[in-house]
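Each chain, written out:
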Amino acid sequence: MCGNNMSVPLLAEAVTVSGKEKETAVVIFLHGLGDSGHGWADSLTEIQLPHVKFICPHAPPIPVTLNMKSMMPAWFDLMGLSPDCPEDECGIKKAADSIKAIIEHEVKNGIPPHRIMLGGFSQVGLHILASCCIPQEKYFEHNKSERMQPLNLSLSPSASCVPPQGGALSLYTALTCQHQLAGVVALSCWLPLHRSFPMASSGHKNIPILHCHGEMDAMIPVQFGAMTAEKLKGIVNPQMITFKTYPGLSHSSCPQEMATVKDFIEKYLPRI
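Residues numbered from 1 in each chain as written. Predicted model: local features only at pLDDT ≥ 70, side-chain atom pairs only at ≥ 80, totals over all residues. Heavy atoms only, no water.

**Regarding the pairing of strand 4 (residues 61-64)**
Move 1: The pairing of strand 4 with strand 5 (residues 70-73) spans 4 bridges and is classified as antiparallel. When the bridges of strand 5 are listed, Val 64 appears paired with Ser 70.
Move 2: Between strand 4 and the antiparallel strand that follows it, strand 5, lie 5 residues; Met 68 among them carries a positive phi value of about 55 degrees. (Pairing = 2+ DSSP bridges. Helix = DSSP H or I, 4+ residues; strand = E, 2+ residues; numbered from the N terminus.)

So this is what it looks like as structure tokens:
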């Protein structure tokens, strides 16, 4: 082993779920807006394979424009949710670089890139298509007075009605990474800085992507997930895209979805 967690800021405090035998693969899973690595560690433990290590880093607290500049854990800033809202390009790229630093750390410690998978829920999958953004009014239609109040934006496996970040960042990072990774698990999210693709892509066409979405998702309607899947087919080999939807599921996860995630991990990170 070589390298030190302290040399990679996000690793210093990350939740790590160690494998029960020799670790030959790694899944880096990114939480959603307002959550922490702890929010997904338990759920991931339930589907963990004995040779796979899970790393669940914490997003740093930053002022989030959409939440009236309130400080909260976020991978990048959210300016708004309308189709023409600007994106935090610098923040997205900085966040992606911090995840790539974790990847490089694992490579130095003996895990090759093709044995490293990225995953995430929501914000990590945010800002897929400009036309896929949700009108800001959608978030306040039940209570107009909330326009002047900070939103309760937290994302965990059972959370609902929250903008996505983790899945979004996992997609962007994997598609721009110099290494071809084992795959991407993108839950309830879309692709950030979509206008920069396919030019921004590192050119790896054969990266497997599992994109899951709840059919009753009021935060990011399932139609937006389908549009994202189509966008991704123009970036990577279409045969590598798996888009699955779940009846009755809102902006959250469920046992059936997690079983699908486990099968995907087992297929592309088998025991060696």
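Once the structure has been displayed, the description carries forward.
**Observations regarding the confidence of the model for the protein chain**
Move 1: With 81% of its residues at a pLDDT of 70 or more, the protein chain shows a mean pLDDT of 83.
Move 2: Here residues 124-162 is a poorly scored stretch, pLDDT under 50, and it has 136 contacts once near neighbours within four places are set aside; other chains count. (pLDDT = per-residue confidence, 0-100. Contact = heavy atoms within 4.5 Å.)

**Examining helix 7 (residues 255-268)**
Move 1: Taking 1.5 Å of rise per residue, the 14 residues of helix 7 would be expected to cover 20 Å, and the 20 Å separating its terminal C-alpha atoms lies within 8% of that figure.
Move 2: Taken residue by residue, helix 7 has Glu 257, Met 258, Thr 260, Val 261, Phe 264 and Ile 265 as its buried positions. Seen from one end, helix 7 has its buried residues packed into an arc of 155 degrees, which puts them on one side. Turned more than 90 degrees away from the buried face of helix 7, the exposed residues are Pro 255 and Lys 267. (Expected span 1.5 Å × (residues − 1). Buried < 20%, exposed > 50% of the residue type's maximum accessible area, 1.4 Å probe, protein only. Arc of directions from axis to C-beta.)

**Looking at the side chain of Gln 48**
Move 1: Tracing the backbone shows Gln 48 in the loop between helix 2 (38-46) and strand 3 (52-56).
Move 2: Taking the relative accessible area as the measure of exposure, Gln 48 reaches 13% and is therefore buried.
Move 3: Discounting residues that sit within four places of it in the chain, Gln 48 has contacts with Val 17, Ser 18, Gly 19, Lys 20, Lys 53 and Phe 54.

**Brief notes about the pairing of strand 7 (residues 183-187)**
Move 1: Burial analysis of strand 7 places 5 of its 5 residues in the buried class, which makes it a mostly covered element.
Move 2: In terms of strand pairing, strand 7 meets strand 8 (residues 209-214) through 4 bridges, oriented parallel. Opposite Leu 187, over in strand 8, you have Cys 212 as the bridge partner.

**Observations regarding helix 6 (residues 222-233)**
Move 1: With 12 residues, helix 6 should reach 16 Å at 1.5 Å per residue; the first-to-last C-alpha distance of 17 Å fits that figure.
Move 2: For helix 6, the set of buried residues is Val 222, Phe 224, Gly 225, Thr 228, Ala 229 and Leu 232. Taken down its axis, helix 6 places every buried residue within 150 degrees of arc, on the same side. Among the exposed residues of helix 6, those pointing more than 90 degrees away from its buried face are Gln 223 and Glu 230.
Move 3: Buried residues along helix 6 sit in contact with helix 5 (166-176), strand 8 and strand 9 (241-246).

**So, the nonpolar core**
Taken as a class, soluble globular proteins show a tendency for nonpolar side chains to be buried jointly.
Move 1: Judged by nonpolar contacts, the single largest core of 46 residues is most densely connected at Ile 28, Trp 75 and Ile 99.
Move 2: Elements supplying a minimum of two residues to this core: helix 1 (9-13), strand 2 (25-30), helix 3 (89-108), strand 6 (116-123), helix 5, strand 7 and helix 6.
Move 3: Dropping the residues within four chain positions of it, Ile 99 is found in contact with Leu 10, Ile 28, Leu 30, Trp 75, Leu 118, Leu 169 and Thr 173.
Move 4: Within the second largest apolar cluster, 28 residues are counted, among which are Val 17, Val 261, Phe 264 and Leu 269. (Core = buried A, V, L, I, M, F, W, Y, C linked by side-chain atoms within 4.5 Å.)

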